[in-house]
Amino acid sequence: MDFTCRDGLLFIILRNIGARSAYRVTTRFDKPFSGLGGRKPIAALRLFKLLDFMAPGKEFCQLVDPLAAYLKRREPARLTATLTYRDREGGRFEDVITHDLRIYQDLGEIRLARPVEAR
């Protein structure tokens, strides 16, 4: 589970970075947080509640919000996610990941102008 910011937009990503399938994948956040203008409770999405199966390399990417709007609403800037999953043999694994979304405020962005199409 990770966050990324592209063109000022904040995304949350859930990806199986392993070489094997993951089963019964759950993601619990230490705080609730919302996106899309505060109307969509991201932590409550079915995606994070339970995925029965996640293939190797599989990725889900959800738009959260423009970063400036997210932070202006005073949504949590520091989030901890606890991910649990099983392997094919039934072994249980847990990862705890903390993210500080304020780092994206410090990063500069450059947007290249697109050339006007010849008509």
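First things first, this report covers the structure right here in the doc.

### Remarks on the pattern of salt bridges
Here comes step 1: Going through the model one piece at a time under the given rule, you end up with eight salt bridges.
Here comes step 2: As a salt-bridge pair, R102 and D100 come within 2.7 Å of each other at their nearest N and O atoms.
Here comes step 3: Exposure remark for R102: the relative accessible area of 42% places this residue in the partly exposed category.
Here comes step 4: One salt-bridge network, in which partners are shared between bridges, spans D65, R73 and E75.

### Here we look at the pairing of strand β8 (residues 78–86)
Here comes step 1: Pairing geometry for strand β3 (residues 22–29) and β8, over five bridges, is antiparallel. Paired with T27 across the bridge in β8 is L83.
Here comes step 2: When β8 meets strand β9 (residues 92–100), the two strands line up antiparallel, connected through nine bridges. In the sheet register, T80 faces β9, and the bridge partner there is T98.
Here comes step 3: Remark: five residues form the turn of the hairpin made by β8 and β9, two consecutive strands paired antiparallel; G90 in that turn has positive phi of roughly 95°.

### Topic: the sheet that holds β9
Here comes step 1: The strand order across the open sheet built from four strands is β6-β3-β8-β9, with neighbouring strands paired in antiparallel fashion. Two strands close off the open sheet at either side, each with one partner strand: β6 (51–54) and β9. The sheet shows a mean angle of 30° between the axes of neighbouring strands, taken without regard to direction.

Cut-offs applied
Residues numbered from 1 in each chain as written. Predicted model: local features only at pLDDT ≥ 70, side-chain atom pairs only at ≥ 80, totals over all residues. Heavy atoms only, no water. Salt bridge = Lys/Arg side-chain N within 4 Å of Asp/Glu carboxyl O. Buried < 20%, exposed > 50% of the residue type's maximum accessible area, 1.4 Å probe, protein only. Pairing = 2+ DSSP bridges. Helix = DSSP H or I, 4+ residues; strand = E, 2+ residues; numbered from the N terminus. Axes fitted to C-alpha atoms, helices over the stretch in contact; angles between N-to-C directions.

Coordinates in, geometry out; function isn't part of it.
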